[in-house]
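Examining the three-dimensional arrangement
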Amino acid sequence: MILVKRMRETLYSSLLFQDISFFDAETVGGLTSRLGADCQQVSRVIGNDLNLISRNLLQGTGALIYLLILSWPLGLCTLLICCAMSLIMVKYGGYQKKTAKLTQEFTASANEVAQETISLIRTVRVYGTEKQEVERYKNWLEKLADVSLRQSAAYGFWNLSFNALYHSTQVVAVLVGGMSILSGRLTAEKLTKFVLYSEWLIYSTWWVGDNLSSLMQSVGASEKVFQLMDLSPSDQFTSRGVKLENLRGDIEFVDISLHYPARPKVPVLNHVSLKVHPNEVVALVGLSGSGKSSLVSLLLRLYEPTDGQILIDGFPLNELDVKWFRERIGYVGQEPRLLRTDIASNIRYGCPRNVTQEDVEWAAKQAYAHDFISALPNGYGTLVDDDLLSGGQKQRIAIARALLREPSILILDEATSALDAESEHNVRGVLRSVGGDLKTKRTVIVIAHRLSTIQAADRIVVMDSGHIVEMGNHAELLRRDGLYARLTRRQADAVA
């Protein structure tokens, strides 16, 4: 159990230190299945199979030596039967390894469907797709059952082979032994000993075969686990980067291009160049899929650019210490995910310094979250639940979490999309982060579609199909009557 615990710790640590592109290719259900069922399968190997194989090999070897001493002709006949049994055992073990690998893959896929369906149960219920999801789950279970039936058939063949060879040994012992007694080469006492020891040898061979097939099954099941454990951590966590004395927040994208590893032939960004000055508020706008969030992902070093580089205060981003850099960034996503713990812990989450309850409340007040948190049954000690908080309340908690870090760079990816008009009006001053009662000034990058948020920016960058097509403040872009002006008119028409 200690070894399995260490295996799970090693596997979990290996997974967490992979690049984001790794998680794009893997599924949550598959990875959790590896951590759970696959690692548990190995415990049976360590605790049971290896022990029984070693013990029965030793007993079988001793029995074989004694049989050869009693009567080497009978001993050789028994040895030939055991060799035939071992050959069948090896074939059976190899088949068990293959089927075990399929079993674990199908189990992981079934777990993935179940996890996805349960986590999205509200969507399933609204669209009435319960039967469809049951069929999807049933499909994987049928594949799993088919493999299990084939495993059972193979086990039946192995069991039949053992019984046939076991009785063959008895027949050989009686026939050859009886002839040896009649000719005077063997006594009845020795024949009795021979029959007993041959049964011991056969059963030892049986147990070795049975446990070896179980061992091969476990090896097949854990093959993926060991592959994942052997993965090298991302270069971001192994390389020692530069730590600047002070991060001013000067950001420059120099001829940046990006193709996601999962879609290598689809260009996401094409030769984008942009400079963001310290303490400047820059808004990124454009149609969906224009590359706004991809630009932010590169700044967060979730992905590496295909071409070009990003400079932070004049230093290449990939040469900076990634942990040090991320400690100085505040990020609020469009759909912030909160941990299932109390609200105060969610606000403190990831803060690189020790903070007091007063600091937590200060950040909540800056995000205009203090009033609704105080009104909850247990205040800041209230456990976060999906049904307890609205989308806007979750976003305000996420904004408070970002502000508590006192970041030099603040990134807001549609951070006001779930806020009501009054809350957005109150938070808008915080998003600018250029004065008022904030402790520090900072560079702010905002991805937003709401007109009010866009108007508050010092500079607006308009993107389309992975390119920057316009740049300027709100008034300048309206006068140009380009893409930004069209988007603004559409939004105004929608509001009207």
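Residues numbered from 1 in each chain as written. Predicted model: local features only at pLDDT ≥ 70, side-chain atom pairs only at ≥ 80, totals over all residues. Heavy atoms only, no water.

A closer look at the packing of helix α12 (residues 357-366) against helix α14 (residues 391-404)
Between two packed helices, both the angle of their axes relative to each other and the distance between the axes serve to describe the pair. Keep this limit in mind: For helices, the fitted line uses only the C-alpha atoms of the stretch in contact; every axis is such a line through C-alpha atoms, and the angle between N-to-C directions lies from 0 to 180 degrees. Where helices and strands are cited, they refer to DSSP runs of H or I of at least four residues and of E of at least two residues respectively, numbered from the N terminus. Any angle from 65 to 115 degrees is called roughly perpendicular, while one under 35 is roughly parallel, one over 145 is roughly antiparallel, and all others are oblique. By the definition used in this description, the sense in which the near helix is turned from the far one sets the handedness, with an anticlockwise turn below a right angle giving left-handed and a clockwise turn giving right-handed. For this analysis, residues touch if any pair of their heavy atoms sits within 4.5 Å. Residue type decides the class: Asp, Glu, Lys and Arg count as charged, Ala, Val, Leu, Ile, Met, Phe, Trp, Tyr, Cys and Pro as nonpolar, and the leftover types, Gly among them, as polar.
Their axes nearest at 8 Å, the elements α12 and α14 cross at an angle of 125 degrees. Classified by the angle between their axes, α12 and α14 sit oblique to one another. In this structure, the crossing between α12 and α14 has a hand that is right-handed. Residue-level contacts link D359, V360, W362, A363, A364 and Q366 of α12 to A400, L403 and L404 of α14. Split by residue class, the contact of α12 with α14 holds 7 nonpolar, 1 polar and 1 charged.

Focus: the sheet that holds strand β10 (residues 467-472)
What counts is decided by this rule: The pairing criterion is simple: DSSP has to find at least two bridges between the two strands.
In space, the 6 strands of this open sheet follow the order β6-β7-β8-β3-β9-β10, with mixed pairing throughout. Strand pairing shows two members of the sheet lacking a second neighbour, β6 (329-332) and β10, which therefore form its edges. Strand-to-strand twist of the sheet, defined as the mean angle between neighbouring strand axes without regard to direction, takes the value 15 degrees. The sheet contact formed by strand β9 (residues 459-464) and β10 spans 5 bridges and is antiparallel. Bridge pairing links M463 to I468 in β10. Each of β6 and β7 (409-413) is contacted by α14, which is oriented at about 175 degrees to β6, the strand it contacts most.

Thoughts on the pairing of strand β8 (residues 443-447)
Inclusion rule: Classification of residues uses two cut-offs on accessible area relative to the type maximum, computed with a 1.4 Å probe and protein chains only: under 20% is buried, over 50% is exposed, and between them is partly exposed.
Counting buried positions along β8 yields 5 of 5 residues, so the element is predominantly enclosed. Side chains T443, I445 and I447 of β8 all project onto a buried face; the interleaved residues V444 and V446 project onto the opposite face, where all are buried too. Sheet topology note: the strand β3 (residues 281-286)/β8 ladder contains 4 bridges and is parallel. Bridged to V281 within β8 is V444.

A look at the confidence of the model for the chain
The test is simple: pLDDT: the predictor's confidence for each residue, scored from 0 to 100.
Predicted confidence across the chain gives a mean pLDDT of 80, with 91% of residues reaching 70 or more. Confidence drops under pLDDT 50 across residues 432-439; counting only partners more than four residues distant or on other chains, this segment forms 21 contacts.

Regarding the packing of aromatic side chains
What counts here: Any two of the Phe, Tyr and Trp rings considered here, Trp counted by its six-membered ring, make a pair once their centres fall within 6.5 Å; the pair's planes then place it as stacked at under 30 degrees, edge-to-face at over 60, or tilted in between.
Under the definition given, this model contains 3 aromatic pairs. With a centroid separation of 5.2 Å and 85 degrees between ring planes, the pair formed by F22 and F23 is classed as edge-to-face. When its relative accessible area of 15% is taken as the criterion, F22 is described as buried. Residue class for F23 comes out partly exposed when judged on its relative accessible area of 31%. Taking 4.8 Å as the distance between ring centres and 65 degrees as the angle between the ring planes, the aromatic pair formed by Y260 and Y303 counts as edge-to-face. A residue pair is termed long-range when its members are at least 10 positions apart, and Y260 in the loop between β1 (251-259) and β2 (267-276) and Y303 in the loop between α9 (292-299) and β4 (307-312) qualify at 43 residues.

Let's talk about empty space enclosed by the protein
For clarity, the threshold we go by: Definitions used throughout: a 1 Å grid over protein atoms alone; a cavity as a set of points that fits a 1.4 Å probe which cannot get out; a pocket as an open set with protein on both sides within 12 Å along at least five of seven lines; a lining residue as one with an atom within 4 Å of a point. Grid points are joined across faces, edges and corners, and a volume is the space filled by probe spheres set on the points.
In total, this model carries 3 cavities of 30 Å³ or more according to the counting rule given. F253, L274, V276, V282, L284, L295, V296, L299 and I445 are the residues that line the second largest cavity. Broken down by secondary-structure element, the contributors of at least two residues to the lining of the second largest cavity are β2, β3 and α9. Partitioning the lining of the second largest cavity into residue classes produces 9 nonpolar, no polar and no charged.

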